[in-house]
Amino acid sequence: MRNTTPKAAPLSDEFAAGGGLLHRRAFLRSGTVLATSMAAAGLTMREAVAADGPEWMTKQGAPLRPYGMPSPFEKHVERAVLLPFGPVADGTGVALTPLQHLRGTITPNGLHFERSHNGVPQIDPAKHRFMIHGMVKNPLEFSIESLLRYPMVSTVCFIECAGNSFFNSNLFSKAMQVPVGHLHGLVSAAEWTGVRLSTLLEETGADVDAKWLLAEGADAAGMSRSIPMEKALDDVIVALYQNGERIRPEQGYPMRLVLPGYEGNMNVKWLRRIKVLNQPTYTKDETSKYTDRRPNGKSNLFTYTMDAKSTITHPATGLKMQGPGVYEISGLAWSGHGAVKRVEISADGGNSWADAHLEEPVHSRSLTRFRMLWNWDGKPTTLQSRTIDEKGNTQPTRAKWSRSYGPGQLNHCNAIQSFTINPDGSIANVFI
Amino acid sequence: MFSFKEIFADRWYTAAAAAIFGGFILAFASGGSQDGAQAVSLGKPLSEEVIAAADLSITPDGTNLPAGSGTPAQGKIVFAKKCAVCHGPEGKWREGLAKPPLVGGIGTLKSDKPVQTVGSFWPYATTLFDYVRRAMPLNAPLSLSDDEVYAVSAYILSLNGIIKENAVIDAKSLLKVEMPNRSGFVSRWPGHTH
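Described in the following lines is the structure provided in the data block.

The rules behind each value
- Residues numbered from 1 in each chain as written.
- Chains lettered and ligands numbered in written order.
- Predicted model: local features only at pLDDT ≥ 70, side-chain atom pairs only at ≥ 80, totals over all residues.
- Heavy atoms only, no water.
- Helix = DSSP H or I, 4+ residues; strand = E, 2+ residues; numbered from the N terminus.
- Rg over C-alpha atoms; globule rule 2.2 N^0.38 Å.
- Buried < 20%, exposed > 50% of the residue type's maximum accessible area, 1.4 Å probe, protein only.
- Areas by Shrake-Rupley, 256 points an atom, 1.4 Å probe, with all protein chains shown as cover.
- Lys, Arg positive; Asp, Glu negative; His and termini not counted.
- Charge placed at Lys NZ, Arg CZ, Asp CG, Glu CD.
- Core = buried A, V, L, I, M, F, W, Y, C linked by side-chain atoms within 4.5 Å.
- Pairing = 2+ DSSP bridges.
- Contact = heavy atoms within 4.5 Å.
- Salt bridge = Lys/Arg side-chain N within 4 Å of Asp/Glu carboxyl O.
- Polar contact = N/O pair within 3.5 Å; in protein donor to acceptor, adjacent residues only side chain to side chain.
- Nonpolar A, V, L, I, M, F, W, Y, C, P; charged D, E, K, R; others polar.

**Side note on the overall build of chain A**
Now for step 1: When its secondary structure is counted, chain A shows eight helices and 26 strands.
Now for step 2: The C-alpha radius of gyration computed for chain A amounts to 24 Å, which stays within 12% of the reference 22 Å derived for 432 residues, consistent with globular compactness.
Now for step 3: With respect to the principal axes defined by its C-alpha atoms, chain A has extents near 75 × 65 × 40 Å.
Now for step 4: Going through the 432 residues of chain A one by one, you find that 57% of them count as buried.
Now for step 5: Here chain A displays about 17,800 Å² of accessible surface, and carbon together with sulfur accounts for 56% of that area.
Now for step 6: Of the charged side chains in chain A, 46 are positive and 40 negative, and the gap between their average positions amounts to 4 Å.

Listed below in structure tokens is the structure:
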């Protein structure tokens, strides 16, 4: 138990913190009860199946098909597409990962979030060329075919749009009632596989005094961002594969940059060109867009690492409670600074906190699943989570985050998410 | 072939900076040598002409700005034909148009209702040329001539009162344009001062 305020009621040994948060051993106890009651009813699995008479056991199933698809009963599990400009620009917007419908830590490829600035290009890989030039000894171009022959590395990491959680940012003065996937679904995680950018830079004989790169996509926005050489030489991947298959068009087919821990926009999709430079380019998207205005009117520039963050995904907005009783609180935590070390949960609006269990493996700079048992007494209460990463970074309250940025500011919002559970079972996003 | 590892070792290994850069010397060592990546080298040489045709990006020092020029008056014609449908006549935003507006907001950044536009917010005029050339008009990117890009950039700058209506914008004069919010940014990247 941690940080219990004097106000909180005394807890029995079953409880880890206020509001009904349970220790893990509470689970074992209720598990015993369940097993006992099944045995008492005297049911075997086989009898239960026969009584149910599932029709799919009585006829042949569908033929085998070359590419597996989700069950038609899972049709509702899809990304929410938001187009800020409407029909004026229907290729400009976001598609958000439906976090309320997913478990685990790896995002299925078709549900990985997307931010595109002028549509998804359909690139013929045989015609795609990737070039590295600028302050290099030998400017070179690489075909996809040749890149596929290089030794490859894999990294499991999250990619998070700098604008993730904009519903909780200073764009809104009142908490919006939208599913948790809308609130925080501009983060996804995958295993990315490809060639180290450092390998290709070395082949071109890039100037070591050059501190910056410019990376550019082959989309109709010509998306371009400056990238520090230090990061490029550290862990950046020119990715060709996403969770084992070639990258989806929405994610940058045939190739994209992956910069573990850095804001999504820098992970340039449809990568066509890298120019080695001794200065940043100050592109539109790193000046007009991915900058953060402070209350004094000045703006942060080049804020790259995505901060420590978390959200409960179950229970959360977009779902409904099924009455009082024991639930598993489950959610996702991440930090661009490194591995998630601890996640604390509060079930009493932040009065008391307890450590959640972290699911292994905990990858550095990827999504970590946390969980904790909770006995809901049916009364209104507020659930929260906060990450502490291996460097000691944690999350501010929404009120504190909001005060540190100017009016209307939306990027890099890592405020603590609060969900109020109402007696009728509905769940609300609230600002605290 | 020359290797990054050697150069880093040579230049910095004994320097005080070794502590900072040690991390990526190591990263490089494992990237290059351990997995044998350097054994494969399949890049094809690029000619200057191919690079020149592909290189769209322009830095604030004006590197790579093309020849050509334009005036606000010429830009007004281009804008009416190719931009106003989404950005409104004279770049003034109204409901249903692309955001943000291209005009106005100068002096509002500290206020309760800050308006970020090219005029009020962007630190460098080179960015305007770079972006319009690569990405606008949204429905026909890369369709403008360099003269048209200079002209329409000049028009947007003059609508914001940043340059005079009779100014001629080219590679030289674009660099002299003083953007109102030039010093309004604080770099969060260590070692880079904006």
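**Comments concerning the nonpolar core**
Now for step 1: If you look at the biggest cluster of nonpolar residues, it comprises 75 residues, and the most contacted ones within it are Leu201 and Leu257 of chain A.
Now for step 2: Take this core: its biggest share by element is seven residues, from helix α8 (residues 146–159) of chain B.

**Here we look at the sheet that holds strand β4 (residues 185–187) of chain B**
Now for step 1: The three strands are arranged β16(A)-β17(A)-β4(B) in an open sheet whose pairing can be described as mixed. In this open sheet, the two strands that pair with only one neighbour each are β16 (292–293) of chain A together with β4 of chain B.
Now for step 2: When strand β17 (residues 299–301) of chain A meets β4 of chain B, the two strands line up parallel, connected through three bridges. Paired with serine 299 of chain A across the bridge in β4 of chain B is phenylalanine 185 of chain B.

**Side note on the sheet that holds strand β24 (residues 381–389) of chain A**
Either a parallel or an antiparallel arrangement is found when strands of a sheet pair, and the pairing is made through backbone hydrogen bonds.
Residue and element names in this part refer to chain A.
Now for step 1: Sheet architecture is open: five strands sit in the order β21-β20-β24-β25-β26, paired in antiparallel fashion. The outermost strands of the open sheet, each flanked by one partner alone, are β21 (354–355) and β26 (427–430).
Now for step 2: In terms of strand pairing, strand β20 (residues 340–346) meets β21 through two bridges, oriented antiparallel. Bridge assignment links isoleucine 345 to a residue of β21, and that residue is alanine 354.

**Focus on the interface of chain B and chain A**
Now for step 1: With 68 residues of chain B in contact, the opposing surface of chain A contributes 69 residues.
Now for step 2: Our enumeration of links across chain B and chain A arrives at three salt bridges.
Now for step 3: The salt bridge partner of glutamate 216 of chain A is arginine 134 of chain B, with a shortest N-O separation of 2.7 Å.
Now for step 4: Here chain B and chain A share 24 residue pairs in polar contact (both at pLDDT 80 or more) between them.
Now for step 5: Listed by contribution, the elements that provide at least two residues to the side of chain B that touches chain A are α1 (4–12), α2 (18–34), β1 (44–45), α3 (48–54), α7 (125–135) and β4 of chain B.
Now for step 6: If one sorts the elements of the side of chain B that touches chain A by residue count, α2 of chain B sits on top with six residues.
Now for step 7: Looking at the side of chain B that touches chain A, its residues break down into 37 nonpolar, 20 polar and 11 charged.

**Structural notes on unusual backbone geometry**
Now for step 1: The omega torsion of the bond from histidine 314 of chain A to proline 315 of chain A falls at -5 degrees, within 30 degrees of zero and hence cis.
Now for step 2: A cis geometry characterises the amide bond from glutamate 360 of chain A onward to proline 361 of chain A, with omega recorded as -5 degrees.
Now for step 3: Along the chain, the position of proline 361 of chain A falls in the loop between β22 (357–358) and β23 (368–376).
Now for step 4: In the Ramachandran plot, serine 165 of chain A falls in the positive-phi region, its phi being about 70 degrees despite a non-glycine side chain.
Now for step 5: By relative accessible area, serine 165 of chain A is classed as buried at 1%.
Now for step 6: In this structure, glutamate 90 of chain B takes a positive phi of about 60 degrees despite not being glycine.
Now for step 7: A residue is classified by how much of its surface remains accessible, and glutamate 90 of chain B, at 36% relative accessible area, is partly exposed.

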